[in-house]
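# Coordinates in review
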Amino acid sequence: MVELKKVFDKFDTNKDRKISHEEYMQVSGESYGRCKHGKEVARAFQVMDADGDGFIDFKEFMIVNNDTGRGGGVRECWVVIPTL
């Protein structure tokens, strides 16, 4: 869970404890990722944003990154960020 929190924090660039579309695009653009297009990001957010507020909070992030979660094929859209 500590590693997941570190990855989440890399995406949460403004430290408001949620990931916006803009933060995801910024971080994915700086990293090696599979999903860099707006349509793919919108689809990933639609699946991951359980409460429909337009943001991914840590609880939602954990659910998606859990093998038994409801990631539904969008898990690969999250860029793997090295944790230094």
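It should be emphasised that the depicted structure is a prediction, and the values quoted were computed from it without experimental measurement.

Turning our eyes to something else, we now look at the side chain of Ser 20. Tracing the backbone through its elements, the reader meets Ser 20 in the loop between strand 1 (18-19) and helix 2 (21-30). In this structure, Ser 20 is in contact with Phe 45 and Phe 55, ignoring residues within four places of it in sequence.

Let us look at the packing of aromatic side chains. How two aromatic rings sit relative to each other is set out by the distance from centre to centre and by the angle between their planes. Applying the stated rule across the entire model yields 3 aromatic pairs. With 5.3 Å between their ring centres and 75° between their planes, Phe 8 and Phe 58 make a pair best called edge-to-face. Within this pair, whereas Phe 8 is found in helix 1 (residues 2-11), its partner Phe 58 is found in helix 4 (residues 58-64), the two being separated by 50 residues in sequence. Looking at Phe 8, the relative accessible area reads 1%, which means it is buried. Among the residues examined, Phe 58 registers a relative accessible area of 19% and is labelled buried. A ring pair is formed by Phe 11 and Tyr 24, whose centres lie 5.5 Å apart and whose planes are at 10°; its orientation type is stacked. Here the residue Phe 11 occupies a position in helix 1, and Tyr 24 occupies one in helix 2, the gap between them amounting to 13 residues. The rings of Phe 8, Phe 58 and Phe 61 are connected pair by pair, giving a single aromatic cluster. The positively charged end of Lys 5 is found above the aromatic ring belonging to Phe 58, 5.4 Å away from the centroid. The positively charged end of Lys 18 is found above the aromatic ring belonging to Phe 55, 4.2 Å away from the centroid.

Scoring rules and cut-offs
- Residues numbered from 1 in each chain as written.
- Predicted model: local features only at pLDDT ≥ 70, side-chain atom pairs only at ≥ 80, totals over all residues.
- Heavy atoms only, no water.
- Helix = DSSP H or I, 4+ residues; strand = E, 2+ residues; numbered from the N terminus.
- Contact = heavy atoms within 4.5 Å.
- Phe/Tyr/Trp six-rings, centres within 6.5 Å; stacked < 30°, edge-to-face > 60°.
- Buried < 20%, exposed > 50% of the residue type's maximum accessible area, 1.4 Å probe, protein only.
- Lys NZ or Arg CZ within 6 Å of the ring centre and 35° of its normal.

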